[in-house]
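# Remarks on the overall topology
Each chain, written out:
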Amino acid sequence: MFALIDGNNFYASCERVFQPKLRGKPLVVLSNNDGCAIARSDEAKALGVKMGQPIHDVPPAIRRQLAIRSANFTLYGDMSARVSAILREAAPRIEVYSIDESFLDLTGIGEREAFARELRDRVHRWTGIPNCVGIGATKTLAKLGNHVAKDAVRKPGSYPAQLGGVADLAALSPQALAKVLAATPVGELWGVGSRWSARLRELGIETALQLRDAPRDLVLQRFGVVLARTQRELAGDPCLVLDEVEPDRQQIMVSRSFGQRVEDHQLISEAFATFAVRACEKLRARGLVTSAIGIFANTDHFRAELRQHHPQRTTNLPRATSDTRVVLDTLRRMQRGFLKDGFAYKKAGVWLMDLGRPEQIQPDFFAPSVIGNDKLMSAMDAINRRYGRGTVGLGATGWRVRPQWAMRQAKLSPHFTTSLRDLPRVRC
């Protein structure tokens, strides 16, 4: 038995926790460089703001009614970690599915709905994040239950009142569950997507109930094993297990769109170094090493009248490593002749490939299979974790200087939970 707990409008809710003046107002959180809406409060949705809509496309009359914030991923990540800590105390097994969603194993819990409602209230009380919980015999049904729980809160009368906030689909009668499935468009199911839903509609399959009852051989033949699993899960047959440990990644990429077009090759080199430092931090946090590096840069493809250049380059390392200095040394050589004079670049990135664990690397009889100073890297990571990212850095990044290529974040809120100077102040 599974439960899915999901923070409602998570990014917007995080902003509201420490800024009460935003509560009840239409709020939109923008993507990198303050481009598009990536989170909307219910009030902003009611005004017609679409997910992914460029903010400049929102009519001025509506835009004047909005409270707008730049994406503050540091705050959102910390709030997500706080929610996860509460869930780990409450449930023996948990899968953190995304920054705002987690699956829980409810096996052995008798009063599932009472447990879920108490947990929902605890998360809201301790973190300020409103949330809903869906319960089902499979992960797909738990995901659907979460959707029902949210709709029952937002649209009173669309579902029975007892499903508001917490929806236990496993407790419904077969007839009641069939009504829920019949009311769910197939495109809203977890993992179906717009392309598959269009193909399913061509076959006359428009609802979750019709997908559940469709011939299994037909679904497997036309759509493959992934959708066949979804169909079986809708019927209550668990096919997806709880992934308590994130599988090792095959690659790690760090890339950014610049706040403005950049022609200075030195500035772009500092951007590459900054991205490499962050990628190596992620690499070490997962206990991995890399054996290959890739870089890319793009000019502004939205400005077709400008000169365009989109170079990309990869190289193998002589030995696997997680040492940032080794990666930066290789990166410096890779950039020779990489960029062209007279071109204004708008985006760049670094990715690490051929990842693996040090003990799994094929050993070399004549040389160490992994190179680098692990103790130095561990010390740097420990200092930055304790005192904040950037406390200790490397000169190649233009360390501690706000670069010209930095993202536009004109509406960035303070880092309320991760910076001493941004701690909220209370006046009694």
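Along each chain, residues carry numbers from 1 onward, in the same order as the chain's sequence is written. Side-chain atom pairs in this predicted model are given and counted only at pLDDT of 80 or more, local residue features only at pLDDT of at least 70, and totals for whole chains, interfaces and linings cover all residues. By convention in this description, side-chain values take in all heavy atoms of the structure and omit both hydrogens and water.

### Observations concerning the overall build of the protein chain
Short version of the rule: Helix numbers and strand numbers start at the N terminus; a helix is a DSSP run of H or I with at least 4 residues, a strand a run of E with at least 2. Radius of gyration here uses only the C-alpha atoms, and the compact-globule reference equals 2.2 Å multiplied by the residue count raised to the power 0.38. Burial here depends on accessible area, computed with a 1.4 Å probe over protein chains only, as a share of the maximum for the residue type. Under 20% is buried, over 50% is exposed, and the range in between is partly exposed.
For the protein chain, the helix and strand inventory stands at 14 helices and 13 strands. Scaling as 2.2 N^0.38, a compact globule of 428 residues should have a C-alpha radius of gyration of about 22 Å, and the protein chain matches this with 24 Å. When its C-alpha atoms are laid out on the principal axes, the protein chain stretches across 65 × 60 × 50 Å. Put simply, the protein chain has 428 residues, and 46% of those count as buried.

### Describing the confidence of the model for the protein chain
The following threshold applies: On a scale of 0 to 100, pLDDT captures the predictor's confidence in every residue.
The share of residues in the protein chain with pLDDT of 70 or more is 98%, and the mean pLDDT across the chain is 90. Averaged pLDDT values over the elements of the protein chain bottom out at 83 in strand S13 (residues 370-371) and peak at 96 in strand S2 (residues 27-30).

### As for unusual backbone geometry
For Asn33, which is not glycine, the phi dihedral falls at a positive 65°. Assignment of secondary structure puts Asn33 in the loop between S2 and strand S3 (37-40). Residues other than glycine seldom take positive phi values, yet Asp34 does so here, at roughly 55°. For Asp34, the position within the fold is in the loop between S2 and S3.

### Re the packing of aromatic side chains
Applied cut-off: Only Phe, Tyr and Trp rings are paired, with Trp represented by its six-membered ring, and only when their centres lie within 6.5 Å; those with planes under 30 degrees apart are stacked, over 60 edge-to-face, the remainder tilted. Only when the NZ of Lys or the CZ of Arg is both within 6 Å of the ring centre and within 35 degrees of the ring normal is a charge said to sit over the ring.
Summed over the entire model, instances satisfying the criterion amount to 13 aromatic pairs. With a centroid separation of 5.5 Å and an interplanar angle of 85°, the aromatic rings of Tyr97 and Trp190 are classed as edge-to-face. Here Tyr97, found in strand S5 (residues 94-98), pairs with Trp190, found in the loop between helix H7 (174-182) and helix H8 (193-202); they are 93 residues apart in sequence, far enough to count as distant. You can call Tyr97 partly exposed: its relative accessible area is 37%. Pairing Trp196 with Phe223 gives two aromatic rings, centres 6.2 Å apart and planes at 80°, and the pair type is edge-to-face. Of the two residues, Trp196 sits in helix H8 while Phe223 sits in helix H10 (residues 216-223), which places them 27 residues apart along the sequence. Comparing Trp196 with Phe223 shows no difference in burial state: the two are buried. Following the ring pairs from residue to residue traces out a cluster consisting of Phe10, Tyr11, Phe73 and Tyr76. Taking the ring centre of Trp126 as reference, the NZ or CZ of Arg122 above it sits at 5.8 Å. Positioned above the aromatic ring of Phe103, the side-chain terminus of Lys139 is 4.7 Å from the ring centre.

### Notes on the nonpolar core
Where we set the bar: Only buried residues count toward a nonpolar core, which is a set of Ala, Val, Leu, Ile, Met, Phe, Trp, Tyr and Cys residues joined through side-chain atoms within 4.5 Å. For this analysis, residues touch if any pair of their heavy atoms sits within 4.5 Å.
Core analysis: the biggest nonpolar cluster contains 33 residues, and Phe258, Phe272, Phe275, Ile293, Leu331, Val350 and Leu352 have the highest contact counts within it. Listing elements by their share of this core, those giving two or more residues are strand S9 (252-262), helix H12 (265-285), strand S10 (290-299), helix H13 (324-334) and strand S12 (345-353). Considering each element in turn, this core owes the most residues, 11 residues, to H12. Not counting chain neighbours up to four residues away, the residues in contact with Leu331 comprise Phe272, Ala273, Ala276, Ile293, Ile295 and Val350.

### Details of the sheet that holds S5
Note the following rule: DSSP calls a pair of strands paired once it identifies at least 2 bridges connecting them. Here, axes are lines fitted to C-alpha atoms. For helices the fit covers the stretch in contact, and angles between N-to-C directions go from 0 to 180 degrees.
Strand order in the open sheet formed by 5 strands is S5-S6-S1-S7-S8, with mixed pairing between adjacent strands. What marks the edges here is a single partner per strand, and that holds for S5 and strand S8 (166-168). When the angles between neighbouring strand axes are averaged without regard to direction, this sheet yields 15°. Here strand S7 (residues 131-136) runs beside S8; their pairing, made up of 3 bridges, is parallel. The partner of Val133 across the bridge, within S8, is Val166. Across the sheet, helix H6 (residues 139-154) touches strand S1 (2-7), S5, strand S6 (101-105), S7 and S8, and the angle it forms with S7 is around 140°.

### Thoughts on the packing of H6 against helix H11 (residues 225-234)
As a reminder of what qualifies: Our angle categories are set so that under 35 degrees counts as roughly parallel, over 145 as roughly antiparallel, 65 to 115 as roughly perpendicular, and the remainder as oblique. In this classification, Asp, Glu, Lys and Arg are treated as charged, Ala, Val, Leu, Ile, Met, Phe, Trp, Tyr, Cys and Pro as nonpolar, and every other residue, Gly included, as polar.
Where H6 meets H11, the closest approach of the two axes is 7 Å, and the angle between their N-to-C directions is 70°. As far as their axial angle goes, H11 and H6 are roughly perpendicular. Within the contact between the two elements, H6 uses Lys139, Thr140 and Leu141 and H11 uses Thr230, Glu233 and Leu234. Residue classes in the contact of H6 with H11 are distributed as 2 nonpolar, 2 polar and 2 charged.

### Digging into the side chain of Lys346
This is how the line gets drawn: His is not counted here, nor are the chain ends, while Lys and Arg score as positive and Asp and Glu score as negative. Put simply, a salt bridge is a Lys or Arg side-chain nitrogen that is within 4 Å of an Asp or Glu carboxyl oxygen. As used in this structure description, the phrase polar contact means that two N or O atoms lie within 3.5 Å; if the pair is within protein, one of them must be able to donate a hydrogen and the other to accept it, and residues adjacent in sequence are counted only when both atoms belong to side chains.
Position of Lys346 relative to the elements: it lies in strand S12. Despite being buried, Lys346 has no salt bridge partner; Asp300 is the closest side chain of opposite charge, sitting 5.4 Å away. Side-chain polar atoms of Lys346 contact the backbone oxygen of Phe258, separated by 2.6 Å.

### Some points on a nonpolar patch on the surface
What counts, and what does not: Distance thresholds for patches are 9 Å for like charges and 5 Å for nonpolar side chains (Val, Leu, Ile, Met, Phe, Trp, Tyr), applied to residues having over 30% relative accessible area and no salt bridge. Here the Shrake-Rupley method, with its probe set to 1.4 Å, supplies the accessible areas, and only the displayed protein chains count as covering residues.
Nonpolar side chains collect at one region of the surface, where Leu220, Val225 and Val226 lie side by side and expose about 250 Å² of accessible area between them. On the accessibility criterion, Val226 (45% relative accessible area) is partly exposed.

### Topic: H7
Basically, it comes down to this: Read the arc as the range of directions from the helix axis to the C-beta atoms.
Taken together, the buried positions of H7 are Leu177, Ala178, Val180 and Leu181. Buried residues of H7, viewed axially, fall in a sector of 160°; they line one side. For H7, exposure combined with an orientation more than 90 degrees from the buried face picks out Gln175 and Lys179. Lining the buried residues of H7 we find H6, helix H9 (208-213) and H11.

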